[in-house]
Each structure stands twice: as structure tokens, then as C-alpha cells.
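Fold and contact review
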Amino acid sequence: MKHYQQDDLFKLCMTLIKKQNYLEALERIKLLLSKNAYYYHTILQTLYKTLQRSPETTMLHIIIVELYLYKNEFNEAVFQLECLFEEHPKNTNIFFYLSRIYQKSSEKNRIV
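Computed from a predicted model, the values in this text were never measured in an experiment.

**With respect to the overall build of the protein**
On a plain count of helices and strands, the protein comes out with six helices and zero strands. When the helices and strands of the protein are listed from N to C terminus, the series reads α-α-α-α-α-α. Judged by the C-alpha coordinates and their principal axes, the protein covers about 40 × 40 × 20 Å. For the protein, the residues scored as buried account for 38% of the 112 residues in total. Residue pairs in contact within the protein that sit at least 24 positions apart in sequence constitute 50% of those at least 6 positions apart. Seen as two clouds, the 15 positive and the 12 negative side-chain charges of the protein have centres 6 Å apart.

Structure, rendered in C-alpha cells:
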């Protein structure tokens, strides 16, 4: 993927977030980051700014958790899940992601 195509994909991701089309945005973000991790921090900043305006939006929390998991930043992912738990304590996604974090961190620390 050429740089100008990555820029277009980045703009599309931001547009999808603004339009609250979070599932498609997440898929496009994953595609973009698989090609170029340069956009990682910018995407996170945009998500956090959007989250400040709409803290009740569960999918924004989930996308942020997904990004942290992508970079193996487990502590940050857990913190984000704690924030989500404060807003939505009955959300079952929290437990699903906690199990994924536990599994990924165990795999990372496993001695072969």
C-alpha cells in the first residue's frame, strides 16, 4: 500500500469514527496499522478526544482496547476496561477482553 493510499485510509478511518460507524472503523484501523504503525498514536488521540465527548459509547472503549492489544500494551488495555466497567458494569465484553489479555500476556511470558 502506497503512502497516499495509507493517508486516504487514515482519513476514511477518521470519517467512520465521526459517523459512529465503529465496527467498520475498527476493521479499517487494523488494516491501516498492519501496513504502517505510524498512525497508531494519532488514531488513539482521536479516539480519546471522541470518547471525551461521548464517554458512554461502549464501542469507543472497545476500539481503544483492541489497539492496545494490537501493541501488547496490556496495562493500558486493562485500564481502559476498568473505565468501561465504571460506565457499564454489566457489559460482558469486559470479561471477554480480560480473558484475551490474560491469554496474550501468558503467551508472551511463556518460556519455550
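**Things to note about unusual backbone geometry**
Unlike most non-glycine residues, Gln 20 shows phi in positive territory, near 60 degrees. Residue Gln 20 is classed as exposed on the basis of its relative accessible area of 53%. Of note in the backbone geometry, Asn 72 takes a positive phi value of approximately 55 degrees without being a glycine. One can find Asn 72 in the loop between helix 4 (58-70) and helix 5 (74-87). Of the residues examined, Asn 72 reaches a relative accessible area of 34% and is grouped as partly exposed.

**A few points about the nonpolar core**
Burial of nonpolar side chains together is a common tendency in soluble globular proteins. The biggest cluster of nonpolar side chains holds 33 residues, and the ones touching the most others in it are Ile 29, Ile 43, Leu 47 and Leu 67. Mapped by element, the contributors of at least two residues to this core are helix 1 (3-18), helix 2 (22-35), helix 3 (40-53), helix 4, helix 5 and helix 6 (93-109). Top element by residues in this core is helix 4. It accounts for eight residues. With residues near it in sequence (within four places) discarded, Leu 47 still touches Ile 17, Leu 60, Ile 63, Ile 64 and Leu 67.

**Section: a nonpolar patch on the surface**
Residues Phe 85, Phe 95 and Leu 98 make up a contiguous nonpolar surface patch of about 280 Å² in total accessible area. Here Leu 98 shows up in helix 6. Look at Leu 98 and you get partly exposed, because its relative accessible area is 34%.

**A few points about the packing of aromatic side chains**
Tallied over the full model, the rule gives three aromatic pairs. Their ring planes at 80 degrees and their centres at 5.3 Å tell us that Tyr 38 and Tyr 39 sit as a pair that is edge-to-face. By relative accessible area, which is 60% here, Tyr 38 ends up exposed. Since its relative accessible area comes to 4%, Tyr 39 is described here as buried. Here Phe 96 and Tyr 97 contribute two aromatic rings whose centre-to-centre distance is 5.1 Å and whose plane-to-plane angle is 80 degrees, an arrangement assigned as edge-to-face. We classify Tyr 97 as buried; its relative accessible area is 6%. Ring-pair connections join several aromatic residues into one group, and the members of that group are Phe 10, Tyr 38 and Tyr 39. Its end group placed over the ring of Tyr 40, Lys 71 keeps NZ or CZ at 5.0 Å from the ring centre.

**As for the side chain of Ser 105**
Looking at the element boundaries, Ser 105 is found in helix 6. Of the residues examined, Ser 105 reaches a relative accessible area of 18% and is grouped as buried. One polar contact links the side chain of Ser 105 to the main-chain carbonyl oxygen of Tyr 102, over a distance of 3.1 Å.

Quick notes on the rules
Residues numbered from 1 in each chain as written. Predicted model: local features only at pLDDT ≥ 70, side-chain atom pairs only at ≥ 80, totals over all residues. Heavy atoms only, no water. Helix = DSSP H or I, 4+ residues; strand = E, 2+ residues; numbered from the N terminus. Buried < 20%, exposed > 50% of the residue type's maximum accessible area, 1.4 Å probe, protein only. Contact = heavy atoms within 4.5 Å. Lys, Arg positive; Asp, Glu negative; His and termini not counted. Charge placed at Lys NZ, Arg CZ, Asp CG, Glu CD. Core = buried A, V, L, I, M, F, W, Y, C linked by side-chain atoms within 4.5 Å. Patch = residues over 30% accessible without salt bridge, like charges linked within 9 Å, V, L, I, M, F, W, Y side chains within 5 Å. Areas by Shrake-Rupley, 256 points an atom, 1.4 Å probe, with all protein chains shown as cover. Salt bridge = Lys/Arg side-chain N within 4 Å of Asp/Glu carboxyl O. Phe/Tyr/Trp six-rings, centres within 6.5 Å; stacked < 30°, edge-to-face > 60°. Lys NZ or Arg CZ within 6 Å of the ring centre and 35° of its normal. Polar contact = N/O pair within 3.5 Å; in protein donor to acceptor, adjacent residues only side chain to side chain.

Keep in mind these numbers describe shape, not what the thing actually does.
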